[in-house]
Amino acid sequence: MTTSMHRLAGVSFSSSTPSKGKIESKMQTSKSMIARRPKTMIPSVWRRTTSSEKKQRERRRGQLQIANVGSTYGRFFRVTTFGESHGGGVGCVVDGVPPKLQISREDLQFELDRRRPGQSRITTPRNEEDSCEILSGVGLDGVTLGTPIAVLVRNKDHKSQDYGEIAVAYRPSHADATYDMKYGVRAIAGGGRSSARETIGRVAAGAIAKKILKQIGNTEILAYVSQVKDVKTSEGGVDHEKFTMEDVEKNIVRCPDDSVAEKMIEAIDEVRVKGDSCGGVVTCIVRNCPRGLGAPVFDKLEADLAKAMMSLPATKGFEIGSGFGGVLEKGSEHNDPFYMDAERGLRTMTNKSGGIQGGISNGEIIEMKIAFKPTSTITRPQNTVNRDGVETELKARGRHDPCVVPRAVPMVESMVALVLIDHLMMQYAQCDLLGREDYSFVRDGNMATLYDAQAREVAATQASKAGMSAKKMQEEYEEN
């Protein structure tokens, strides 16, 4: 055996080439020592992993996974949006929709038409039909199956050549710079996921949620533009008990107060012709909201509403009830006194709580305001910096809203609907499960004709009256 001595920082060590016999002897000694050690002292690479250790590793691996990654909202009624502004299309997948809901493409298209671009001179001139396709989750008879509903809207009128300047130069106050900071890459044309075009998926999903809420509790969700720049509706100028969607939709700015609406349009026109933009406020109310929605402490109803509203593009502020104005009052002035109504039971004389107390809906009208900043992309020259860190001047092109609030109205309504339906399903799952006299539906399932003779008789009678036997149903589906 050849041995040589080395010295490093005052420490001596040897490098040697041992004989074959000594190698085998050392291996046997090492094996016996390892066998006598507790398992916790043996490096995992030297021994087999036990089943319990494998399970523990799997649990740790699962804890390290990132859920949703920002494109999914909801717990029971789960909505995932997809697509970029100038990609092949945008849309959503909605999981958790109750089965047996009658839904049609027209139900979704009505809301999408309210959101679509090119509606008037005060919105973006991009001309998209925003025609939706329901790809899954709805049967041939227009009834939901309880499986995920996928909705697709194809992009058609996109002009990616208008975005050459911002390929390297960042638009001030836009998401260009922060997307590069986060991902190191971004969809330049149209802004990708930061574009308001992403909200198409939310509005389509919101149309489904709205229909369920209306069907179950006659719940109405209505929003309108209450302020553009310094032009605003007066306190009490819009009657939250009575105004309708027709009142909102009768002018291009979506303000039910006609005299104020004209001034709002003038304010938008003033900045539009100068290549600039302005912001505004959308007010949203909910009538006939089911009582008891919301869960303390981190899932309060107004907390989820705030998150949903602030997830919309260009939002910068959220108020509910008296909002920031409530700080000017004393408790004796701000409290909502209770009284008993002959028809509706417990009510409040005032509604400074905005329909939510302790994070839980109380049955009064929910009232909230959402502030939207001026559109970031304007055609006026602005100082900025490019991706190489060089200061430059940017004059953006492209087609953009001079003020986002007129088209934000259906977006706000949709997000409110998604919050409410998710909380309604949570409420039913937790608080309405116990205390029933009949739990046979839990045991037998939802197809009563498979286990209940009386149900079969009723079904046969109804089919006979409708002239639709099982054989005729089969023939109809075969024809389709």
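Let me begin by describing the structure that accompanies this report. These numbers come from a predicted model, not from an experiment.

Scoring rules and cut-offs
Position numbers for residues count from 1 along each chain, tracking the sequence in the order it is written. Totals for whole chains, interfaces and linings use all residues, but because this is a predicted model, local features are given only for residues with pLDDT of at least 70 and pairs of side-chain atoms are given and counted only at 80 or more. The basis for the side-chain values is all heavy atoms of the structure; hydrogens and waters are excluded. Here a pair means two rings of Phe, Tyr or Trp (six-membered ring of Trp) with centres within 6.5 Å. Their orientation is stacked below 30 degrees between planes, edge-to-face above 60, and tilted elsewhere. The secondary structure listing takes helices from DSSP runs of H or I that are at least 4 residues long and strands from runs of E that are at least 2 residues long, numbered from the N terminus. Accessible area is worked out with a 1.4 Å probe on protein chains only. A residue is then buried under 20% of its type maximum, exposed over 50%, and partly exposed in between. The rule is short: NZ of Lys or CZ of Arg within 6 Å of the ring centre and within 35 degrees of the ring normal puts a charge over the ring. Here, residues are in contact when the closest pair of their heavy atoms is within 4.5 Å. Strands pair, by our definition, only if DSSP identifies at least two bridges between them. As a rule, the C-alpha atoms of each element are fitted with a line to give its axis, helices using only the stretch in contact, and angles between N-to-C directions run from 0 to 180 degrees. The rule for a salt bridge is simple: a side-chain nitrogen of Lys or Arg has to be within 4 Å of a carboxyl oxygen of Asp or Glu. Any angle between 65 and 115 degrees counts as roughly perpendicular, while under 35 counts as roughly parallel, over 145 as roughly antiparallel, and the rest as oblique. Put simply, a crossing is left-handed when the front helix is turned counterclockwise from the back one by less than a right angle, and right-handed when it is turned clockwise. Three classes are used, and their members are as follows: Ala, Val, Leu, Ile, Met, Phe, Trp, Tyr, Cys and Pro are nonpolar, Asp, Glu, Lys and Arg are charged, and the others, Gly among them, are polar. By nonpolar core we mean a set of buried residues, namely Ala, Val, Leu, Ile, Met, Phe, Trp, Tyr and Cys, connected to one another through side-chain atoms within 4.5 Å.

Points about the packing of aromatic side chains
Line of reasoning, step 1. Scanning the entire structure with this criterion turns up 2 aromatic pairs.
Line of reasoning, step 2. Considering the side-chain rings of Tyr-224 and Phe-243, the 5.2 Å spacing of their centres and the 80° angle between planes classify their relative orientation as edge-to-face. Of this pair, Tyr-224 sits in strand S8 (residues 220-228) while Phe-243 is found in the loop between strand S9 (231-232) and helix H6 (245-249), placing the two residues 19 residues apart along the sequence. Take Tyr-224 and Phe-243: they sit in the same class, and that class is buried.
Line of reasoning, step 3. We note Lys-182 situated over the ring of Tyr-183; from NZ or CZ to the ring centre the distance is 5.6 Å.
Line of reasoning, step 4. Above the ring of Phe-243, the side-chain terminus of Arg-287 is found at 5.3 Å from the ring centroid.

Concerning the side chain of Arg-407
Line of reasoning, step 1. Its place among the elements puts Arg-407 in helix H10 (residues 405-431).
Line of reasoning, step 2. Note on Arg-407: relative accessible area 6%, which makes it buried.
Line of reasoning, step 3. Sequence-distant contacts of Arg-407, defined by excluding residues within four places in its chain, comprise Arg-115, Arg-116, Pro-117, Gln-119, Thr-123, Thr-124, Arg-254 and Asp-401.

With respect to the sheet that holds S9
Consider a sheet: its strands pair through backbone hydrogen bonds, and that pairing is either parallel or antiparallel.
Line of reasoning, step 1. Spatially, 5 strands are ordered S9-S8-S10-S16-S11 in an open sheet, and the strand pairing comes out antiparallel. The sheet is open, and its two borders are formed by S9 and strand S11 (315-320), each paired with just one other strand.
Line of reasoning, step 2. Judged from the 2 bridges that link them, S8 and S9 form a sheet pairing that is antiparallel. Of the residues in S9, the one forming a bridge with Val-228 is Val-231.
Line of reasoning, step 3. Helix H8 (residues 301-310) contacts S11 and strand S16 (366-372) of the sheet and is inclined by roughly 155° relative to S11.
Line of reasoning, step 4. Running over the sheet, H10 touches S8, strand S10 (280-287) and S16 and is turned about 145° from S8.

Considerations on the pattern of salt bridges
Line of reasoning, step 1. Taken as a whole, this structure holds 28 salt bridges when the rule is applied.
Line of reasoning, step 2. With a shortest N-O distance of 2.9 Å, Arg-254 and Glu-249 are connected by a salt bridge.
Line of reasoning, step 3. Judged by relative accessible area, Arg-254 falls into the buried class, the value being 4%.
Line of reasoning, step 4. Owing to a relative accessible area of 31%, Glu-249 belongs among the partly exposed residues under this scheme.
Line of reasoning, step 5. Two residues, Arg-272 and Asp-269, come together in a salt bridge whose shortest N-O distance is 3.0 Å. With Arg-272 and Asp-269 both in helix H7 (residues 258-272), this residue pair falls 3 residues apart, about one helical turn.
Line of reasoning, step 6. Residue Asp-269 is classed as buried on the basis of its relative accessible area of 15%.
Line of reasoning, step 7. What emerges from the salt-bridge pattern is a single network uniting Glu-111, Arg-114, Lys-210, Glu-249, Arg-254 and Glu-413.

Quick notes on unusual backbone geometry
Line of reasoning, step 1. The linkage connecting Pro-296 with the following residue, Val-297, adopts the cis geometry, with an omega of 5°.
Line of reasoning, step 2. One can find Val-297 in the loop between S10 and H8.
Line of reasoning, step 3. Even without being a glycine, Lys-229 presents a positive backbone phi close to 55°.
Line of reasoning, step 4. Inspection of the secondary structure assignment puts Lys-229 in the loop between S8 and S9.
Line of reasoning, step 5. Phi is positive for Ala-314, close to 75°, though the residue is something other than glycine.
Line of reasoning, step 6. As for its position among the elements, Ala-314 is in the loop between H8 and S11.

Here's the deal with the packing of helix H5 (residues 199-217) against H10
Two measures define how a pair of helices packs: the angle their axes make with one another and the distance between the axes.
Line of reasoning, step 1. One way to put it is that H5 packs onto H10 with a least axis distance of 7 Å and a crossing angle of 55°. Comparing their axes, H10 and H5 come out oblique. Here H5 and H10 pass one another in a crossing that is left-handed. Across the interface between the two elements, Thr-199, Arg-202, Val-203, Ala-205, Gly-206, Ala-209, Lys-210, Ile-212, Leu-213 and Ile-216 of H5 pack against Pro-410, Met-411, Glu-413, Ser-414, Met-415, Ala-417, Leu-418, Leu-420, Ile-421 and Leu-424 of H10.
Line of reasoning, step 2. Classifying every residue of the contact of H5 with H10 by side-chain character gives 14 nonpolar, 3 polar and 3 charged.

A closer look at the nonpolar core
Line of reasoning, step 1. The biggest cluster of nonpolar side chains holds 74 residues, and the ones touching the most others in it are Phe-77, Ile-208, Val-228, Leu-305, Met-368, Val-412 and Val-416.
Line of reasoning, step 2. Excluding anything up to four places from it in sequence, Val-416 contacts Ile-221, Cys-284, Val-286, Leu-305, Met-309 and Met-368.
Line of reasoning, step 3. Tyr-224, Val-238, Met-245 and Val-248 belong to the second largest nonpolar core, which has 8 residues in total.

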